Structures are given as C-alpha cells and as structure tokens.
Amino acid sequence: MSAPEIQRHNELFEKAFSKTNLCIQCGYCLPACPTYQSMGTETASPRGRINLVKMAAEGKIDVTKDMAGPIDLCLGCRACEIACPVNVPYGQILEAAKEIIQKEKPKKTKDHFVHLLLTKGFTNPKFLNLIGDATWLYQKSGLNKLVQKTNAINLVAKPLGFFEKILPPVQKPSKRTKRGEWYKTERECKGKVAFFVGCVTDAMMHETNNNTIKLLNTVGLDVFIPEKQKCCGALHAHQGLLSETKELAKENLDVFKTSGIDYIVNSAGGCGAMLHEYRELLHDEPEWQQKAEAFSKKSVDVSVLLVKYGPLPFKREWNGIITYQPSCHLSNVQGVTEEPRQLLRSIPGANFIEMKDSDSCCASGGIYNLIHYEESSKILASKMENVKNTEATTVVTSNPGCLLQMKHGADKFAKDYKIETSHLVDLLVKLID
Amino acid sequence: MEKSIVKKIEEIIPKERILKELSDRYSYSYDASFGEYLPDIVLQPASVEEISLLVKLANEYRIPVYPRGSGTSLSGGPLPVYGGMVFDLSQLKEKLVIDKENMIAVASAGIITSEIHKKAEEVGLFYPPDPSSSNVSTIGGNLLENSSGPKGLKYGTTKEYVIGLEVVTPLGEIIRTGGKTVKNVTGFDLTRLIVGSEGLLGIVTEVILRLIPKPQAKKTMLATFSKFIDSGNAVTNVLAAGILPAAMEFMDNACIRAVEHYKPSGLPVEADALVIFEIDGHPLAIEEEIEKCRVICNKNGATSVKIAANDKERDEIWAARKMVSPAITQLGPTKISEDATVPRSKIPEMMECLYAIRDKYNLTLVVFGHAGDGNLHPNIITDKRDIEEMKRVELAVSEIFESAIKLGGTLSGEHGIGILKAPYMELELGHSLELMKSIKQAWDPNNILNPGKMFPQPGQTKVVLT
C-alpha cells in the first residue's frame, strides 16, 4: 500500500471506524432501504455500506475503487437509522465516507463543475437569483417551448430534459420576497420566527416561500428573513465537502441571531434536516457548539408551527383524494411525521389516504435522481404504483426535491392517470384565500 | 476464481446476477455473528433449475457452496469459511400462496418470514414461529436454522410447521420431501432431517408450511420480582394451573437496569427479574386466565403486576423487552449472544451458573430469554478489539455450554451450531455425532455444501474468537 493510501485509510479509520463498529450486522435495516429493495444486493444495503466503510478503514479494500461506488448509490434517506435497533449513526458514517472519497477522487471536469457550482454558486444568493432570473427569462421568452419541442436538451442530458419539463414557472424577479425585512401578522402576534428560505427554493420555487410566509402570518406569527443567510450546506455535505458545510453553518449561525426569535422555520425537509444537525456537525468545535445547539433546537418545519399555532382558517374545500409523500429528511432526521398528515386530514372536503410504503424514499435524494437517473427511476416507478393505488388526485410533499421528483413521476409513470402534485404549503394557501 | 469456471457459471445464470467485485465479495463475507470469510464469487440464482446446475458444477470442480438468506444468523450459518461460492437466495421470492382451505402456505425460500405472518393473518390464519429477525430473515434460512422465537412453549418451533420441501441435494438433484398433507408417514421423514440441517444436506428452494387458526385475542401482563427464584416459581405455577401462555419473556436485573438507563420508563431497577406473560385465545378465556396469572404472580412475591388495558399499554410492555438489544449494546460494541437452553425447571440453577461465570471471568453478562421453554439468552457485552478480554470471553462461552449440557440442556435452542458451537458438539451428542457425520457423508460425498459448519475440526474443542 502506498503512503497516501495508508494516510487516507487512517483518516477514514479516525472519522468512521468506531461508528461502523457499532453495527451489529443484524440486517434490520434491509427492509427499510429503498436501494436494497430495488437493487437486491447486500452491497446496496445500509449494513453492506457500513461494512464496506469498515473494510476500507481497515485497509482491506480501496476507497475509490471498491468503496466509492456503493456509497455513491446511497440515497441518504436515512430510513435505516429509524429501523436500526442499536442507533448506528449511519448519516455520520456516510458523510465521513463521502468526505474521504471527495478528497481522493481524481478531479474530473464534471466533478469540478459540481464542486464549483456548490462552493461558489449555491453559497451566493446573487448567483442563485441570477439563475432564477435566467430561468424566468427562459420560460417567459418561449425558448423553453422550443427546447421542449425539439428535445434539444435531451440530446445533452436526458434526465435534465425531464426535469426541465417539470420545473414550475419561476416568478418574475420583482415579485420575490425581500430579504432583511419583517412580514408582520395582521392578527394578534403570538410569536416571532426567522425564515430560512433555502437556496434552490428561493431561486426556483419562490412561490412556496411566499406561501410559507402567508401561512405563518395567518396563524399569528411575525416572520423575518435574515438578509445574509447562506445555503444550509446539505448539498455540500452530501458531496463530501465537509469543511465547506461547516463554513456555511457558521455563517448561518452568525446571521440567525437566536435571541428574540422563537423559531427558525423552513419549508424544505432537506434543508431543515441539515439545520437540525448543525449541533452534530459542530459538536467538536467548542466555540460554536453552544450556538449550534441553540440554533438546531429552534429550527423547525413549517408544518409543526402551523399545527401548534393553528388551526388554519380554511375558506374553501378540496375535492378528491390526497396522498402524502413525506420528505425522508423531515421524517427520518427531524422526526416530523404526524404534523403534515394532521394538516392534510384537517382540510375540509378532502379525503386523505396513506399510500403503501409512504415512508420509503421517492429516490429524489438531493441530486441523486440526476446522477443516478436509471436507479432512481426504478424506485420512482414503484412509488408511483403506490400513489396510483390510493386513487389520489393530489400528491402532496414537504420538500422541493421530492416535489420535482413526484412531478417527474406523474409525467413519466402516470401519464394516463391525471394527478396533481403540490408542496404542502402551496396547497394550504389555496384553501385559505 | 478461475476464468474457465466463471465462464461456465455465465452459461447457467446471466452476468448481472454474478457478483465478482471485491466490494460484492466483502458484502457477503459476514452475517450477524462473528467471523469474516471472503467468498470467491457471489451468485444470485433465480430458479431451482439454476441452483441444480450450479451445484452440479460445484461438484465437478469441488467448489464449496454456501447458501444464504438475509444473513441474520447468529451462529455463522452462511459464512463461506472455505471461500468458494455464496448463493444469495434472498432474491428467490417469486411465490407465496396461502391455501386457506388446506390451511397451508407455499413459499419460495427467499420470502421474508413476516410476509408469511401478514398474508396468513389476512385470511384469519397463523404461522406461529416468530424469530425476532422475522421482518428481515427468509423462511428458507429460518427453517434451515430451525429458528423460532418466543412462542415455542405453546406453539412449538419452526420444525413443527414444515410439512414439505423442494430441495436441491448436495449432488445437484432436485427432490421433493413431504407434501401438502399434515399426515404423512411414507418413508423416512427427510423433511424433518433437512429442517435444522443448517444447509449441510440441501438447499431449500420452496417450503410448504402448516398454518393454524389465528387466536382471536390476546392479553399481556408485566410482573416484576425482587427475587429471581420467585419469578421462576411464578412461571412454573402458571403452567401448573393449566394455563399455557403464548409467551413468557424474562429479563434479569442487568437487562432491566440497561433498559431503564437507555430509556427511562419506570421499570424497577432494584428488581431481580421481570417476566412478560402473554395469553392468547378466546376473549373470554384470556380474561380469566390473565387474572389467574396475576393472582399467581402476587402469591409468588411479585413486587408489581400490570395488565395492559389496551394496545398502547401492550406495546409499552413489549417495548421493555424490545429495548434490551439497543440498551445492552450501549455497554460495549461487541455483543455475543448465546442461546443455551435448559429444561425449564433448571432455569434457576442455570442462572446461578451464569452469574458465577460472569464473576469468575469478570465480564459484563446479562441474561434475557424465553422462560417458558428454558431458552435463555446470556449476552456477553465486550469489545472484540480487547484481545485480553476476548480470551476470557472464550473461556466463559465454553463454560456456559458445559453448564447447559450438564443440566440436561442443549447447546442451542434456536440460533444453530454454525461455526461457533461446533467444538462442543461431541460434548452434547457423543457417538450420535458420528452418525450425523455419516449422514452428511452419504448425502454430500464431495463435501460441497456449507463445509466447515456444525462438525468440529479434528482436535477442535474450544471456540476461538480472537
């Protein structure tokens, strides 16, 4: 073994070995894992992946050649953590593995592009606004129609083509909410919340953010949007860019002053999970630990506050069956499972039906569906079967990534079967106006 | 593995079901027990015909074959100790038919056991064997290891429910044993011989299981005792009163402390023992029986007795038992779970032996298990990286087995022999071990199927964990 190899094995050993050693290899995680279910091999299971990280840490297999592939195919949905009887911190093992892979990976152009996009793009609201603006312009100009018609984009990247089709109309720049401003409730003020807008949501699905503010105002909460907030870091963490993730976390901790506000609210399950885990992320940095702890404690999904300060003053009925595809990170990491369902059940006129295996991942998984399009499609196909079996007319999600995936699923696997997709807050707003 | 052999394998099954990468091989090098053995190749055959051809090929080239379900074995059952081929049969799951009229289930070997529970219950039937891994483990693996769970006392173990099999023999022939009738005395009972044979006599591809009517209702009760002996008397007296509980699960003081420390729920940490009684049957009968259990426990010095009033309270009671595993793993990273089993009346004596062993070797040892059938699970919590302590564990494990056998018990109630208990087989079986070996020899002249299991190596008398 060459010197750098030993070095990286040691680093992995330090970061993950003792955690992998907690796994008693009972296999209770197997039925919970969507990739094990779709691929049917131990290598694609949580138990298998933990073992491979252990083997790599021990130097028995190579990080890049043997470990990277199976780790890369993990959705990161963390359903295995819920199933685990001995609380193995799978998420931490996964992130440590990704970090080491990232460090060792030969720098390909594609990776470099993703890296640049993540580190320079998503950390910069101006850049994201620019993308948002460009998308808006692109859609407004009718160029999108032409691209869709000619399938030009499919020639470049088929999966991107699918997603281009399902991207919701982006609002024109002037209609977006302003950062650094308070949105006050017209009712008696019951509390003050700071809103974490999320980078992708803010740029591409801004309507959902507007609606989140509207709903929070409706239940009597004042909402503030801290101006200099950054990306939560989830996408960076998933790519193994841990030091960048930590930097972003620290900047957010500085921007979101926790004194004077009751909650830090978000409406994206994936971002929420990252915010929820700042305390683990910074647990070994004493000067940040306390701040992170306070931040994570106050960080909460919008559905929790809507239930806590509700009920919502519904003015309309919703006809038809609604089913719910929860965000894995909302359920498995933040432990919020009941509130969104409670809100859906409270909608007048609607019939909420739980789909089979609703808690299993839709295979959106950050940008998994772009990187591993075929694998993702297999999982999505069986998910859409479950959706169809409820005879739902609307499928509701709690995270922008899942929403896009459901739209894609409806488009690809349920064409003959008309089904609407909506983020929870977008649906709720329609009914209180 | 030699290229020419791989080429022959590729003529039998498609490439995508042949796993050759190092990552794949390491992914099938372990189960839920100890030990790590790297197979040369992993195959996922999808039919009995493919398995038959592959086993014939293995015989031709003398390649060891290790069949495997979901790899939940605690005794090393599927570990490829001599390399060779691992057959991953977890994907062999095409068939699951519940035949309500004949009260049987026909299932492919890779069907998950809880799936059978679920499908049977949908039509009012019941498959009682319920290993704690039932949400993960395959029916094929369950029956080859004869694993069973807490309901052994009232309902018997897996072997009581298997009435027919489709099997690939160690020479690659496809045979059927038993059938769909509950009564069957034609010829030798090969079904019974294969059940619990730990994959030494054949690869099971399809099973026929007997089902029984689903009990209409159940009642659950939690009793705690300040003296261990009292809990033993309560268990015996409940049975003497003509009540046959579906489960009597027991936890010792160390388990209670661990669970309470892990997730405080008001369990008495001073109690010597805790027993969960579950009665099932007709709603009226179980009301009366659970009340009798309460009276008997009180008479036998129970410090607290609680009968669950509803499903929520029932779940709370079972939560204590289900938390044992996570709770005790907080005590150390390596958990050695044994299942030495003694006649019920010898449980108190066995407990004394276990505590003496614990003190003698200065180990963290906790005990829980199935009080009704004498199936105890002494668990030693240690750290396998601590070689010095592991040496003491080896000696302690040996003494646990010796004690169980001395008290008229057995090496294994439900985990199987595998590699971990092979050295002690002669201690329990004496000369009948030779007879077992001659059966293996007759069935598997080339020693192809799951070699290295169940029978000790010459001169091997102790387990080696380090």
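As shown above, the structure is provided for reference.
A few points on the structure.

This part is about the overall build of chain B. Looking only at helices and strands, chain B has 16 helices and 18 strands in total. A compact globule built from 466 residues should have a C-alpha radius of gyration of about 23 Å, and chain B, at 23 Å, falls within 12% of that. Sorting the 466 residues of chain B into buried and exposed places 58% on the buried side. Excluding contacts between residues fewer than 6 apart, the proportion of contacts in chain B whose partners are at least 24 apart in sequence is 72%. Carbon and sulfur atoms provide 52% of the accessible area of chain B, an area that totals close to 19000 Å². In chain B, 52 side chains carry a positive charge and 61 a negative one; their mean positions are 1 Å apart.

Turning next to the overall build of chain A. A tally of helices and strands in chain A yields 25 helices and nine strands. Taking all 433 residues of chain A together, the buried fraction comes to 58%. In chain A, the share of contacts with a sequence separation of at least 24, taken over all contacts with a separation of at least 6, comes to 79%. For chain A, the exposed surface amounts to about 18200 Å²; the carbon and sulfur share of it is 55%.

Residues and elements named next belong to chain A. Glycine 310 connects to proline 311 through a cis peptide bond whose omega is 5°. Locating proline 311 in the fold gives a position in the loop between helix H19 (302–309) and strand S6 (320–325). The backbone of glutamine 25 shows a phi angle near 55°, a positive value even though the residue is not glycine. With respect to the helices, strands and loops of the structure, glutamine 25 is situated in the loop between helix H1 (3–20) and helix H2 (34–39). For glutamine 25, a relative accessible area of 10% gives the class buried. One non-glycine residue with positive phi stands out, namely aspartate 357, at about 50°. Mapping aspartate 357 onto the fold places it in the loop between strand S7 (350–352) and helix H22 (368–371). The class for aspartate 357 is partly exposed, based on a relative accessible area of 46%.

Residues and elements named next belong to chain A. One pass over the full model with this rule turns up eight cavities of 30 Å³ or more. Estimates place the volume of the largest cavity at around 140 Å³. Lining the largest cavity are 17 residues, with Cys23, Cys29, Ile50, Cys84 and Val88 positioned closest to its centre. Of all elements in the fold, only helix H3 (46–57) and helix H5 (79–83) reach the threshold of two or more residues within the lining of the largest cavity. Among the elements that line the lining of the largest cavity, the one with the most residues is H3, at three residues. Residues of the lining of the largest cavity, tallied by class, amount to 13 nonpolar, two polar and two charged.

With that out of the way, let us pick up the sheet that holds strand S8 (residues 394–397) of chain A. Residue and element names in this part refer to chain A. Ordered by their spatial adjacency, four strands build an open sheet running S7-S6-S8-S9, and the pairing between neighbours is parallel. Because the sheet does not close on itself, it has two edges, and the strands there are S7 and strand S9 (420–423). Direction aside, the axes of adjacent strands within the sheet are offset by 30° on average. In this sheet, S7 lies alongside S6 in parallel orientation, the contact comprising three bridges. Bridging across to S7, isoleucine 322 finds its partner in phenylalanine 352. Along the sheet, helix H25 (residues 424–432) contacts S6, S8 and S9; its crossing angle with S9, the most-contacted strand, is approximately 95°.

About the thresholds
- Residues numbered from 1 in each chain as written.
- Chains lettered and ligands numbered in written order.
- Predicted model: local features only at pLDDT ≥ 70, side-chain atom pairs only at ≥ 80, totals over all residues.
- Heavy atoms only, no water.
- Helix = DSSP H or I, 4+ residues; strand = E, 2+ residues; numbered from the N terminus.
- Rg over C-alpha atoms; globule rule 2.2 N^0.38 Å.
- Buried < 20%, exposed > 50% of the residue type's maximum accessible area, 1.4 Å probe, protein only.
- Contact = heavy atoms within 4.5 Å.
- Areas by Shrake-Rupley, 256 points an atom, 1.4 Å probe, with all protein chains shown as cover.
- Lys, Arg positive; Asp, Glu negative; His and termini not counted.
- Charge placed at Lys NZ, Arg CZ, Asp CG, Glu CD.
- 1 Å grid on protein atoms, 1.4 Å probe; cavity = no way out; pocket = protein on both sides within 12 Å on 5 of 7 lines; lining within 4 Å.
- Points joined across faces, edges and corners; volume = space filled by probe spheres on them.
- Nonpolar A, V, L, I, M, F, W, Y, C, P; charged D, E, K, R; others polar.
- Pairing = 2+ DSSP bridges.
- Axes fitted to C-alpha atoms, helices over the stretch in contact; angles between N-to-C directions.

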